[in-house]
Amino acid sequence: MMITIEQLKAARSLLAYTQRELAERASVSLAAVSNLEQGTGKMGGKVFEAVCGALERAGIEFTPEPGVRLRREKFNFRNIEGDGAIFELWEDIIATLGRTGGEVLISGVDEKVWLKKYKKELTAALIQQRKLGITNRLLIAEGNNLVIIGPSTYRAVPSYLFQQAPYFVYGDRFAIINWGPPLRVLLVQNPLIAQTFRNQFEFNYLHGKPLDKKKVAIAKLEGLPYLPD
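These figures come from a predicted structure and were not determined experimentally.

Scoring rules and cut-offs
- Residues numbered from 1 in each chain as written.
- Predicted model: local features only at pLDDT ≥ 70, side-chain atom pairs only at ≥ 80, totals over all residues.
- Heavy atoms only, no water.
- Buried < 20%, exposed > 50% of the residue type's maximum accessible area, 1.4 Å probe, protein only.
- Helix = DSSP H or I, 4+ residues; strand = E, 2+ residues; numbered from the N terminus.
- Contact = heavy atoms within 4.5 Å.
- Salt bridge = Lys/Arg side-chain N within 4 Å of Asp/Glu carboxyl O.
- Pairing = 2+ DSSP bridges.
- Axes fitted to C-alpha atoms, helices over the stretch in contact; angles between N-to-C directions.
- Core = buried A, V, L, I, M, F, W, Y, C linked by side-chain atoms within 4.5 Å.

1. Points about helix α3 (residues 30-38)
So, point 1. Residues Ala32, Val33, Ser34, Leu36 and Glu37 constitute the buried set of α3.
So, point 2. Following α3 by one or two positions, Gly39 has its phi on the positive side, about 90°.

Now the structure itself:
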């Protein structure tokens, strides 16, 4: 089925995305999305595929009429329990975003905990994600200045807003960690739930404070390139 420019515009409107939001979710430039919608971009090219993929992950279904609609409610739930639950979460991030790249939003970060529990595995996971074009933005508690990637990707929120149970949002998925014992990862695949927590994250990130670079402590992980500030 040939997807038209009109369908792309209608799909973005249905999701209430700005061109910038769509560009970020598709990991392409704002100019690329604008050109595509104006008819000057290449239909069927890499940008086109990335944009269509981002819209479909958000729940859009392109119909033959031609038209667009939100897919019927998709809801998959997994309760992953045990010491390997975190590794399964990282594997799901790769499976979901590995083909097109994308962004993982992480709230409730305390890097001291992650370094203590998973330093070696975390390093390998981040290196793999970086190679696949998967990036992160993170929320930490005010006063916590330990980071492991570019400090500009973090925002600090007041302690009363800090999530003691970390959660991840990526693609059409939402995952929350219960450290236990036993350790559990609750993984939900549902576009509306993912969008709800994405909106919550974006609000807190917008109102969070950039880290004071003079106070930041960077935990250097071997082989992991740091993001420029």
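2. Description of the side chain of Arg137
So, point 1. Positionally, Arg137 belongs in strand β5 (residues 134-141).
So, point 2. You can call Arg137 buried: its relative accessible area is 14%.
So, point 3. In this structure Arg137 touches Glu103, Val104, Leu105, Ile106, Thr153, Phe201, Glu202 and Tyr205, once residues within four positions along its chain are discounted.

3. A short note on unusual backbone geometry
Phi is mostly negative for residues that are not glycine, and the peptide bonds are mostly trans.
So, point 1. Cis geometry is adopted by the peptide bond preceding Pro181, which originates at Gly180 and carries an omega value of 10°.
So, point 2. The omega angle of the peptide bond from Pro181 to Pro182 is -5°, so this bond is cis rather than trans.
So, point 3. On the secondary structure map, Pro182 appears in the loop between β9 (173-178) and β10 (184-189).
So, point 4. At Ala16, a position not held by glycine, the phi torsion is positive, near 60°.
So, point 5. Its location among the elements puts Ala16 in the loop between α1 (5-14) and α2 (19-26).
So, point 6. Taking relative accessible area as the criterion, Ala16 reaches 61% and is therefore assigned exposed.
So, point 7. If you check the backbone angles, Ser27 has positive phi at about 60° while not being a glycine.
So, point 8. One can find Ser27 in the loop between α2 and α3.

4. Considering the pattern of salt bridges
So, point 1. For the coordinates displayed, the defined rule picks out 10 salt bridges.
So, point 2. Taking the shortest distance from any N to any O, the salt bridge between Glu37 and Arg12 comes out at 2.7 Å. A residue pair is termed long-range when its members are at least 10 positions apart, and Glu37 in helix α3 and Arg12 in helix α1 qualify at 25 residues. Each member of the pair, Glu37 together with Arg12, is buried.
So, point 3. Notably, a salt bridge pairs Glu142 with Lys209, separated by 3.8 Å at the nearest N-O pair. Here Lys209 lies in the loop between α7 (191-207) and β11 (217-218) and Glu142 lies in the loop between β5 and β6 (146-147), a separation of 67 residues in the sequence.
So, point 4. By sharing partners, the salt bridges in this structure join Asp92, Asp172 and Arg173 into a single network.

5. Section: the sheet that holds strand β7 (residues 154-157)
So, point 1. Spatially, the seven strands line up as an open sheet ordered β3-β10-β9-β8-β4-β5-β7, and their pairing is mixed. The sheet is open, and its two edges are formed by β3 (76-81) and β7, each paired on a single side. Across the sheet, the mean angle separating the axes of adjacent strands is 15° when strand polarity is ignored.
So, point 2. Pairing between β3 and β10: six bridges, direction antiparallel. Across the sheet, Ile80 pairs through a bridge with Val185, a residue of β10.
So, point 3. This element, α7, spans β4 (102-109), β5, β7, β8 (167-170), β9 and β10 of the sheet and lies at about 60° to β5.

6. A closer look at the nonpolar core
So, point 1. If you look at the biggest cluster of nonpolar residues, it comprises 37 residues, and the most contacted ones within it are Ile93, Ile148 and Phe168.
So, point 2. The biggest single contributor to this core is helix α5 (residues 85-97), with seven residues.

What is shown is where atoms sit, not what they do.
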